[in-house]
Amino acid sequence: MKPILNTLYIQTQGSYLRLDHETLKVEVEREMVFQIPLHHLRSIVVFGNVLVSPFLLHRCAEDGRDVVWLSEYGRFHARLNGPTTGNVLLRQAQYAVLNDPGQTLEIARLMVAGKLQNARTVLKRAAREGKGSPDQGSLNEAAEAQADGIRRAEQASDLDVLRGIEGSAARAYFAAFSGMIRLNRDVFGFTERSRRPPRDPVNALLSLAYALLSNECVAACESVGLDPQVGFLHALRPGRPALALDLMEELRAPLADRLVLTLINRNQIKPDDFVDRPGGGIYLTETARKTFLAAYQKRKQEEITHPVLNSKIPYGLIAHIQARLLARYLRGDLPCYQPFLFR
Amino acid sequence: MDILVTYDVNTETPAGKKRLRKVAMVCKDFGQRVQYSVFECRVDQAQYEKLRAKLTKIMDPKLDSLRLYRLPAPREKNLECYGVDRYVDFEEPLIL
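The paragraphs below set out a description of the structure included in this document. (Residues numbered from 1 in each chain as written. Chains lettered and ligands numbered in written order. Predicted model: local features only at pLDDT ≥ 70, side-chain atom pairs only at ≥ 80, totals over all residues. Heavy atoms only, no water.)

With that out of the way, let us pick up the interface of chain A and chain B. At the junction of the two partners, chain A supplies 25 residues and chain B supplies 16 residues. Interface area, chain A with chain B, both sides summed: about 1,900 Å², of which 62% is carbon and sulfur. The largest per-residue losses of area from chain A upon contact with chain B belong to F34, H39 and H40 of chain A, which jointly make up 26% of the total buried on that side. Taken together, the links from chain A to chain B amount to zero salt bridges. (Contact = heavy atoms within 4.5 Å. Buried area = accessible area lost by both parts, 1.4 Å probe. Salt bridge = Lys/Arg side-chain N within 4 Å of Asp/Glu carboxyl O.)

Have a look at this one:
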């Protein structure tokens with residue numbers, strides 16, 4: 001198994017990244033502040049006004065190292081795309097499955113089932129931990145709604161019905177979400193998901209977590225040789241990485257949501273870590289974003305037992321392993337796609 | 001694996017100064033400077049071979065000296081460090 005290489009996050013506004021032989025140099029106001037050999041890096045994520053030299057970009061494209069541009073507040077702008085590589089036969093198999101409605105529905109069903117199961121596990125766990133609190137009932141109820149969704153997904157006759165089931169389960173999940181927040185609930189109250197812009201602190205945290213996770217899912221698809229735009233559950237739309245979003249569904253609750261909850265409940269992210277922006281959006285301050293990114297990176301290195309492989313793997317590789325399992329199914333090496341189930 | 005690279009380059013001549021700069025540059029490509037002529041590099045076997053090949057090509061065996069030590073893992077347990085420490089763990093979260 002390949003080691004998970006590090007991601008370099010640059011959020012200092014006005015920094016300049018350049019290539020120096022085999023190393024990456026970070027300069028701020030013409031002063032060299034950091035230098036690292038490229039072989040330590042799998043990807044580079046930059047926020048807002050950060051310059052990247054053309055030669056560094058060329059080199060990253062050549063090596064297949066990801067470069068991702070986010071806005072200063074973490075919204076996705078662009079990603080570097082090198083030459084098309086990977087296995088054309090695998091992509092062909094992927095397109096063939098897309099043209100088979102029965103098979104497409106089967107994959108989408110498993111992905112939805114995985115997503116709801118993981119949401120249920122997260123809710124159940126929070127209910128257990130919050131024993132005796134008034135939230136326990138609503139958390140258990142929402143968990144039951146997920147279970148119900150899984151049962152109904154099995155019978156879904158087409159994609160639209162399946163998407164409807166997923167949508168109503170997601171609403172039940174988010175309706176109970178604030179029950180999992182145990183600290184500073186006056187500020188971290190949460191009623192519904194809002195994005196572009198996120199309108200409250202919890203939404204701001206979720207948006208940032210999802211932005212980072214979706215980038216990783218795109219990278220996972222690409223590193224396996226799958227076309228990240230050709231998805232099964234998500235409808236195809238120009239510019240939308242539908243397959244990456246498909247893969248992400250089952251990872252949202254265990255990877256992103258739990259991290260957000262942990263940061264709030266351990267008081268690592270506090271009520272005054274947010275700023276209002278014009279347009280009604282709420283965003284993290286620069287220092288809070290740093291805390292968030294450090295926690296996110298740490299989490300990626302923690303190990304978890306993968307139920308299908310039955311071996312220990314770091315959280316950061318789950319997306320890659322799921323992409324690989326999907327590729328094996330598409331090529332006909334596995335009888336079905338097995339979603340990642342979090343315990 | 002962690003490799004400790006130390007060197008003495010004879011800098012009495014301009015050619016020697018050039019070699020010194022080149023040695024430092026190659027070391028930076030693979031790791032980081034922890035003291036003036038001491039580098040720590042975290043590399044795999046292939047990268048290690050490359051590092052050694054590059055360095056031995058630059059150095060003048062009659063005038064210079066190069067030593068490569070392999071640090072027993074884990075580094076934190078086998079290394080005592082006092083005073084100024086410029087080491088950055090490249091595997092920790094990197095946020096600037």
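Residues and elements named next belong to chain B. Put simply, helix 1 (residues 14–30) and helix 2 (residues 45–58) touch, their axes get as near as 10 Å, and they point 175° apart. In this view, helix 1 runs roughly antiparallel relative to helix 2, as classed from their interaxial angle. Residues R19, K22, V23, V26, C27 and F30 of helix 1 form the contact with helix 2, whose own contacting residues are Q47, K50, L51, K54, L55 and I58. (Axes fitted to C-alpha atoms, helices over the stretch in contact; angles between N-to-C directions. Helix = DSSP H or I, 4+ residues; strand = E, 2+ residues; numbered from the N terminus. Parallel < 35°, antiparallel > 145°, perpendicular 65-115°, else oblique.)

What follows concerns the sheet that holds strand 2 (residues 31–35) of chain B. All names here are of chain B. Reading across from one edge, 2-3-1-4 is the order of the four strands in this open sheet, with antiparallel pairing throughout. Each having just a single partner strand, strand 2 and strand 4 (65–71) make up the two edges of the open sheet. Along the sheet, successive strands turn relative to each other by an average axial angle of 25°, direction set aside. Looking at chain direction, strand 2 and strand 3 (residues 38–42) are connected through four bridges and run antiparallel. Each bridged residue has a counterpart across the sheet, and for R33 the counterpart in strand 3 is F39. In the packing of helix 1 onto the sheet, the strands contacted are strand 1 (2–8), strand 2 and strand 3, and the crossing angle to strand 2 comes to about 120°. Packing of helix 2 onto the sheet brings it into contact with strand 1, strand 3 and strand 4, and relative to strand 4 it is tilted by some 165°. (Pairing = 2+ DSSP bridges.)

This next bit is on the sheet that holds strand 4 (residues 31–37) of chain A. Hydrogen bonds along the backbone pair up the strands of a sheet, which may run parallel or antiparallel. Taken together, the four strands give an open sheet; going across it, the order is 4-3-2-6 (chain A), and neighbouring strands pair in mixed fashion. Edge positions in the sheet fall to strand 4 and strand 6 (51–52) of chain A, since each has one partner strand and no second. Here two bridges tie strand 2 (residues 15–20) of chain A to strand 6 of chain A, and the two strands are oriented parallel to one another. By the bridge assignment, L17 of chain A is partnered in strand 6 of chain A with V52 of chain A. Packed on one face of the sheet, helix 1 of chain B meets strand 2, strand 3 (23–28) and strand 4 of chain A and runs near 70° to strand 4 of chain A.

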